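Each chain, letter by letter, is given below.
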Amino acid sequence: MNDEEERRFREFVAARSPALMRTATLLTGGDTHAAEDLLQTALAKAVGRWGRLDNPEAYLRRVLYRQQVSLWRLLSTRRETTVAELPDAAGREDSTGPAELRIQMRRALARLTVRQRSMLVLRYFEDCPEREVAELLGCSVGTVRSTTHRALAKLRKLVPELDPGAATRDHEFGNSPSEVWK
Amino acid sequence: MNADRLLRDTLREWAEETPPPPGPDLASRALLRRRRRRATSLTVAAAAFALLAGGVAVPVLAQSDQPVHSGPGSLIDNTVSAHPRESPPRHLIAAGDVAVSAYQSDWKTQTQDGVERTTYTWYVYDRGTKRYEKTRWGWLDVAPGMRQAAVLEKTLPASRVGILDLDTGKVTKWIPLARKAGGVQWSPDGKRLVVTTYRGYPDVETSARDRFTPHARTGYYLVDVDSGRKEYRPMGVDTGDSSVGAGRIDVRWSRDGTLLVVPTPPGGAMETWYDLDGQASEKAPSYEGSDAAPSGLSPDGRYYTVGDGWTATVKETRTHRTVSGSSGSMTLAWADNGRLVRWECRPDRGCTRGMGERLVLTDPAGRSRVPLTGYRYDDSPREWEPLITRR
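For the structure given in this document, a descriptive report is provided here.

All names here are of chain A. Between its terminal C-alpha atoms helix α2 (residues 32-48) stretches 25 Å, which fits the 24 Å expected from 17 residues at 1.5 Å a residue. Within α2, burial applies to A35, E36, L38, L39, Q40, T41, A42, L43, A44, A46 and V47. One side-chain oxygen of the residue at the start of α2 lies 3.3 Å from the amide nitrogen of H33, identifying that residue as D31.

Right, let's get into the side chain of B:T389. Residue and element names in this part refer to chain B. Mapped onto the elements of the fold, T389 is located in strand β25 (residues 384-390). Since its relative accessible area comes to 5%, T389 is described here as buried. Setting aside its immediate chain neighbours within four residues, T389 contacts D97, V98, A99, S101, V142, A143, P144 and M146.

A word on the sheet that holds strand β21 (residues 331-336) of chain B. Residue and element names in this part refer to chain B. Sheet architecture is open: 4 strands sit in the order β21-β22-β23-β24, paired in antiparallel fashion. Looking at strand neighbours, the two that pair on one side only are β21 and β24 (369-371), the edges of this open sheet. Averaged over all pairs of adjacent strands, the angle between strand axes in this sheet comes to 35°, irrespective of strand direction. The pairing of strand β23 (residues 357-362) with β24 spans 3 bridges and is classified as antiparallel. The residue of β24 that forms the bridge with V360 is P371.

Residue and element names in this part refer to chain B. This model, assessed by the stated rule, comprises 12 aromatic pairs over all chains. Here the aromatic rings of Y221 and Y232 are separated by 4.9 Å at their centres, their planes lie at 55°, and the arrangement is tilted. Of this pair, Y221 sits in strand β13 (residues 217-224) while Y232 sits in strand β14 (residues 230-234), and the two are 11 residues apart along the sequence. Among the aromatic residues, ring-to-ring pairing joins Y103, Y123, Y125, Y132, W343 and W384 into one connected group. The ring centre of Y201 lies 4.1 Å from the NZ or CZ of R117, which sits over that ring. Residue placement shows R160 over the ring face of W174; its charged tip is 3.7 Å from the ring centre.

Following the sequence through the fold, B:A30 ends up in helix α2 (residues 23-53). Sequence-distant contacts of B:A30, defined by excluding residues within four places in its chain, comprise A:F9, A:Q40, A:L43, A:A44 and A:V47.

What follows is about the sheet that holds strand β18 (residues 303-307) of chain B. Residue and element names in this part refer to chain B. Pairing is antiparallel in the open sheet, where 3 strands are placed in the order β18-β19-β20. Each of the sheet's edge strands pairs with one partner strand only, and the pair in question is β18 and β20 (328-329). Bridge count for β18 against strand β19 (residues 311-316) is 5 bridges, and the pairing is antiparallel. Paired with V306 across the strands is T313, a residue of β19.

Rules behind the numbers
- Residues numbered from 1 in each chain as written.
- Chains lettered and ligands numbered in written order.
- Predicted model: local features only at pLDDT ≥ 70, side-chain atom pairs only at ≥ 80, totals over all residues.
- Heavy atoms only, no water.
- Helix = DSSP H or I, 4+ residues; strand = E, 2+ residues; numbered from the N terminus.
- Expected span 1.5 Å × (residues − 1).
- Buried < 20%, exposed > 50% of the residue type's maximum accessible area, 1.4 Å probe, protein only.
- Polar contact = N/O pair within 3.5 Å; in protein donor to acceptor, adjacent residues only side chain to side chain.
- Contact = heavy atoms within 4.5 Å.
- Pairing = 2+ DSSP bridges.
- Axes fitted to C-alpha atoms, helices over the stretch in contact; angles between N-to-C directions.
- Phe/Tyr/Trp six-rings, centres within 6.5 Å; stacked < 30°, edge-to-face > 60°.
- Lys NZ or Arg CZ within 6 Å of the ring centre and 35° of its normal.

Okay, structure coming up:
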């Protein structure tokens, strides 16, 4: 990397790292230290091919997602990310208000597997179509669909308020093909 | 609040609260890390050169506990044909009872009116030229025995299914279909076909439900190949919140040929099983599900594989115990009672499906590994997806 490339790299990091850090934080379930490590690893990879990247941001996002899923594979015994401390809801008396629900959702998201969470971030935060998710994460569209399905079923189990009928049903969350997100 | 909306809002709000990273430090640390890594690589290279210059014999890291020949293109023994430098393969890839009979490659995706349409090119192994040859078919499946294939013409959905003789390259029979077909699969005994029908071109993806419907699955035919007799069963696809997206959702056979699995039927289930008379059946064993490892039960029934669509593990049928060392990339087929064909990731890096992995032949415990193909992507920019068939 020559001086000019290094200058452009530093400018890029200054401009885009907040947005990339947001994605990394969601991928790590709110663990900002892990998110910073993840982003730094991706940036170190980008340095190696900086002069050849047409779209550095797209490359970095792909590395972030793939790196995170690869990390999950390496640490396959540690399937759930450390749950970050989350702020308590202000209005406890209204336990199903929107603010409380969003906090419950964060806790639930943090308890998903890395892969499940990555799918949901791509689908619901990045608005990627299924085929793009499959390409980014290196899996089939069918796997994207089934993993998303299970992730959503697990969220519904963890946040029962999402589904008023859930309390009366016998859940087999995470495995049941009949669980749907409605 | 709508659950879908709540999930989006939660993710957005969470992202917005993320503290900014230490900007200048982040760039400097990434640069430093890269320089250190480069320095380490150079040191290793220099050390290797010094060893070679000094005439010191360096043992190569073994890929297997047992000696195997895995040259640039090789017939390892009577049962294994491997080409570890070819990706996609040009020459026959086979092991034990199974072979890569065909593969898909050359993906082309076009977007029009918010609908992504992907086309594939199929390559089939030709016994005459002893190579995989490009075909003109829109979709195909090779029959067990690799003597014939069921083919659909390029413009999917097709109004007939052909039976292709793989020795002569000629279609010996056309079976007309009143409903147009997008997918086909042979039964394990090679006597019947399940042909999935679609309203429009099946390999599409869109986030707009109204644009997906004109391409959706409509049902399937069960076809007796010899007599040409066929039976049609309407079977649409779930269009609820959980299923909008990709078009192709083919009906397929269970490994023993007694059941058919219909993924995402109307009503929101992931899959429903039917017997050959069209009656809904009890759920099949866990190794048969839509997301299970394709390898399933070993021929002698001693082992079975479980997977999650990404990784797979071998278990003992009698005890349900995991075979030590068996967890890893996806298992695709049993070559015989004691060997599996599976994907294997390049060990020095993270890899994902379609990138940085190759086909290997391995024992259930993963001790012996014979490379069958080159690494996908790394050895060639062309992505490919194998079709593995009993030979």
